[in-house]
Amino acid sequence: MEAKMKELSGEDAAVLELEETWQERYATKAEAIRATFGWTSSKYHIRLNSLLDNETAIYAKPVTVGRLRRLREARSAERGGASAGSAD
């Protein structure tokens, strides 16, 4: 039995799109987040981190999600902690 792939919500797709394009139009990512969503950087990064562990996001934007997961894991390793996405 084949499972139908869910689609990202418009807002989730916009979060991943922002990760790909914010440097083209904004001086800082925080400025891009405020202008695009009206969110704080904290709220945005909580949403982004949940997307990095979302199977639908991985299928929708594999290159972007893969790059961001590697960056997240590298930062976690620098801090000496477990991966932010691990379930341990």
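Structure first, text after, so check above.
Everything quoted here is computed from the prediction, not taken from an experiment.

A. Representation of the pattern of salt bridges. Taken as a whole, this structure holds seven salt bridges when the rule is applied. Across the pair Asp-53 and Arg-69 runs a salt bridge whose closest N-O atoms are separated by 4.0 Å. Pair noted here: Asp-53 is in the loop between helix H3 (41-52) and helix H4 (55-60) and Arg-69 is in helix H5 (residues 62-79), with a separation of 16 residues, a long-range link. Since its relative accessible area comes to 39%, Asp-53 is described here as partly exposed.

B. Examining the environment of Lys-6 more closely. With respect to the helices, strands and loops of the structure, Lys-6 is situated in the segment before helix H1 (10-25). The exposure class assigned to Lys-6 is exposed, which follows from its relative accessible area of 64%. For the pair formed by Lys-6 and Ala-60, sequence separation is 54 residues and the distance between their alpha carbons is 9.7 Å.

C. Fine view of the nonpolar core. Of all hydrophobic cores here, the largest spans 17 residues; its most connected members are Val-15, Leu-16, Leu-18, Tyr-44 and Leu-48. Filtering out sequence-adjacent residues up to four positions away, Leu-48 remains in contact with Val-15, Leu-16, Glu-19 and Leu-68.

D. Structural view of the packing of aromatic side chains. Within the structure shown, the criterion is met by two aromatic pairs. Seen in terms of ring centroids, Phe-37 and Trp-39 are 4.4 Å apart; in terms of plane orientation they differ by 20°. Their pairing is stacked. Relative to Tyr-44, the ring of Phe-37 has its centre 6.1 Å away and its plane inclined at 35°; by these criteria the two rings are tilted. The residues Phe-37 and Tyr-44 share a single accessibility class, namely buried. In textbook terms, an aromatic cluster arises when at least three aromatic residues are bridged by ring pairs, as seen for Phe-37, Trp-39 and Tyr-44.

Rules used throughout
- Residues numbered from 1 in each chain as written.
- Predicted model: local features only at pLDDT ≥ 70, side-chain atom pairs only at ≥ 80, totals over all residues.
- Heavy atoms only, no water.
- Salt bridge = Lys/Arg side-chain N within 4 Å of Asp/Glu carboxyl O.
- Helix = DSSP H or I, 4+ residues; strand = E, 2+ residues; numbered from the N terminus.
- Buried < 20%, exposed > 50% of the residue type's maximum accessible area, 1.4 Å probe, protein only.
- Core = buried A, V, L, I, M, F, W, Y, C linked by side-chain atoms within 4.5 Å.
- Contact = heavy atoms within 4.5 Å.
- Phe/Tyr/Trp six-rings, centres within 6.5 Å; stacked < 30°, edge-to-face > 60°.

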